[in-house]
Structures are given as structure tokens and as C-alpha cells.
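# Structural features, examined
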Amino acid sequence: AQTVTQSQPEMSVQEAETVTLSCTYDTSESNYYLFWYKQPPSRQMILVIRQEAYKQQNATENRFSVNFQKAAKSFSLKISDSQLGDTAMYFCALRVGYQKVTFGIGTKLQVIP
Amino acid sequence: GAGVSQSPRYKVAKRGQDVALRCDPISGHVSLFWYQQALGQGPEFLTYFQNEAQLDKSGLPSDRFFAERPEGSVSTLKIQRTQQEDSAVYLCASTRGGGPLYEQYFGPGTRLTVT
């Protein structure tokens, strides 16, 4: 069974500052994929960034980057130069092969002007 | 093109009623997922289709829940004899390909309230 843990229910950050959201996971599989999804107040979830477990290089998408520590089973999301539009729920997710996707409970991020 | 759409957006059902929730994925998308999201929680996987084949239904909480995608496009999630614990937002997502790395495109969800 797979589990995803997000231990920060809420976080806040000043506009233009940097914030890091934490995620740990557990799986016994070696072939898996990790994702961060954003769910703004309108509720339509969108993909922020994804990482293949077999790749050592951390994924980056513009202001978003991850710190993937495979041995520690950690997958944190760093948001640089935070913008008001980054205010949302952020979900960490794990997929093993073609199996189901397991989501964490989410972290509510508030960007303060 | 249009994104994933779901209907109805809101549904109120009396306990014991049957409901049917519809998902229209992005045209041509191969895979389709259903999730249940309770208030303040992350989405919980229900079931997954690749084209018309239901490859994983391990997340369906009971035999009252049934999903189908007969022609590999539109999908329906049916809940029989609804109970209060079924109250949640039901999310549908589709992916362009069948592989695990493909981005999931989510619909706006159907908020089901069982009274």
C-alpha cells in the first residue's frame, strides 16, 4: 500500500518570498511517479510539477521546483517569488506504475500581499 | 478544446435514492479516473479506466458504487441507495495517454449532499 503525508495543514508567505511545502511518502515499489497539484478556491485541480523516481535530477517548472530525496522518501515543493495567484490548496500525489494515484491531505497556502 | 466537464455540478439526494454522476473527458483522452473528496481531505481514488476497460476499481467503497465507460469516452459513476457518508465532491480526471506520467486534467467536480 502507498501512503502520502503532508504535515503542514496551513502555511502563509509574503508576496515575492519563497516557501517550501513538505511531503513524505511510502511505497515498497521502485518504479513510481510523484506529483504536486494545485487546487485554487474554484476547486479545479491543476498539475504543478511531476517527478519520475528514477531520475535523480530535481524537476523545475518556472518558479516551482522540487527537492526529491529518494532515500528519505521526501518530495518537497519550493515556490519562489510567490504571487497572489499561488494561493490555493496544494496536494502531493504518488502513482506506482499504472496503479491508482494516492493523494495527501493537502496544505493550504495563503500568499499575503 | 474544452476541458473535462462534469454534471450535475450540485446534487442533493435523500438517503436511499440512487444518483448518477456524469463525466465528459477531454476528447481523445485515453484514461479516466474518479475520485471522492470529502471536506478538508485530499481526493481518494475510486476507479480508473483505460478506454472502456475498468482496470482498477479497488477504491470503490462498497457494491453500491458502480462506474462505467462503455464507449471509452463519457463515464458515469452511479451510487445506489445513497447514505450520508457518501456526501462529498466527486472529481473526474482524464489523461491523454495511458502511461503513469501523463498529466491528469481534472473536472470541476460534482458536490453530492445526501440528506
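Whatever comes next refers back to the structure up there.
The structure presented is a predicted model; accordingly, all values stated were derived computationally and were not measured. Within each chain, residues carry numbers counting from 1 in the order of the written sequence. Whichever chain is written first is A, and whichever ligand is written first is 1; the rest continue in order. For this predicted model, a pLDDT threshold of at least 70 governs which residues receive local features, and a threshold of 80 or more governs which side-chain atom pairs are given and counted, while totals over whole chains, interfaces and linings are taken from all residues. As a rule here, side-chain values cover all heavy atoms of the structure and leave hydrogens and water aside.

With 19 residues of chain A at the contact, the number on the chain B side is 26 residues. Summed over both partners, the accessible area (1.4 Å probe) lost when two parts come together is defined as the buried area. Between chain A and chain B, a total of about 2,000 Å² is buried, with carbon and sulfur atoms accounting for 56% of that surface. Criterion for a salt bridge: a side-chain nitrogen of Lys or Arg within 4 Å of a carboxyl oxygen of Asp or Glu. At the junction of chain A and chain B, the tally comes to 0 salt bridges. Pairing of N or O atoms within 3.5 Å defines a polar contact, subject to two protein rules: one partner must be a possible hydrogen donor and the other a possible acceptor, and residues neighboring in sequence count only if both atoms are side-chain atoms. Our count for the chain A to chain B interface comes out at 3 residue pairs in polar contact (both at pLDDT 80 or more). Polar here means any residue other than Ala, Val, Leu, Ile, Met, Phe, Trp, Tyr, Cys and Pro, which are nonpolar, and Asp, Glu, Lys and Arg, which are charged; Gly is therefore polar. Looking at the side of chain A that touches chain B, its residues break down into 10 nonpolar, 4 polar and 5 charged. The contact definition used throughout considers only heavy atoms, calling two residues in contact when any of these lie within 4.5 Å.

To continue, consider unusual backbone geometry. Residue P8(B) follows S7(B) across a cis peptide bond; omega there is -10 degrees. Under the DSSP-based scheme used, a helix requires at least four consecutive residues in state H or I and a strand at least two consecutive residues in state E, with every element numbered from the N terminus. Here P8(B) is to be found in the loop between β1 (5–7) and β2 (10–13). The residue A16(A) is not glycine, and still its phi comes out positive at about 80 degrees. Structurally, A16(A) is set in the loop between β2 (10–14) and β3 (19–21). Accessible area is worked out with a 1.4 Å probe on protein chains only. A residue is then buried under 20% of its type maximum, exposed over 50%, and partly exposed in between. Classification of A16(A) by relative accessible area gives partly exposed; the value is 47%. Located in the positive-phi region is D81(A), a residue other than glycine, with phi close to 50 degrees. The exposure class of D81(A) is partly exposed, given its relative accessible area of 40%.

All names here are of chain A. As for its position among the elements, K70 is in the loop between β8 (64–69) and β9 (74–79). Residues K70 and Y25, spaced 45 residues apart in sequence, show a C-alpha to C-alpha distance of 9.7 Å. If near-sequence neighbours (up to four positions away) are discounted, K70 is found in contact with Y25, S30, Y32, A53 and Y54.

Put simply, a disulfide is two cysteine sulfurs that come within 2.5 Å. This structure, assessed with the given rule, holds 2 disulfides over all chains. Between C23(A) and C92(A) runs a disulfide, and the two sulfur atoms are separated by 2.0 Å. Between C23(A) and C92(A), the S-S dihedral sits near -70 degrees, and the bridge is therefore left-handed. On the criterion of sequence distance, the pair formed by C23(A) in the loop between β3 and β4 (24–26) and C92(A) in strand β10 (residues 88–96) is long-range, its members being 69 residues apart. C92(A) shares its class with C23(A); the two are buried. Paired through a disulfide, C23(B) and C92(B) show a sulfur-sulfur distance of 1.8 Å. Sign of the S-S torsion, about -65 degrees for the bond between C23(B) and C92(B), identifies this disulfide as left-handed. Taken together, the residues C23(B) in strand β3 (residues 19–24) and C92(B) in strand β9 (residues 88–95) connect sequence positions 69 residues apart.

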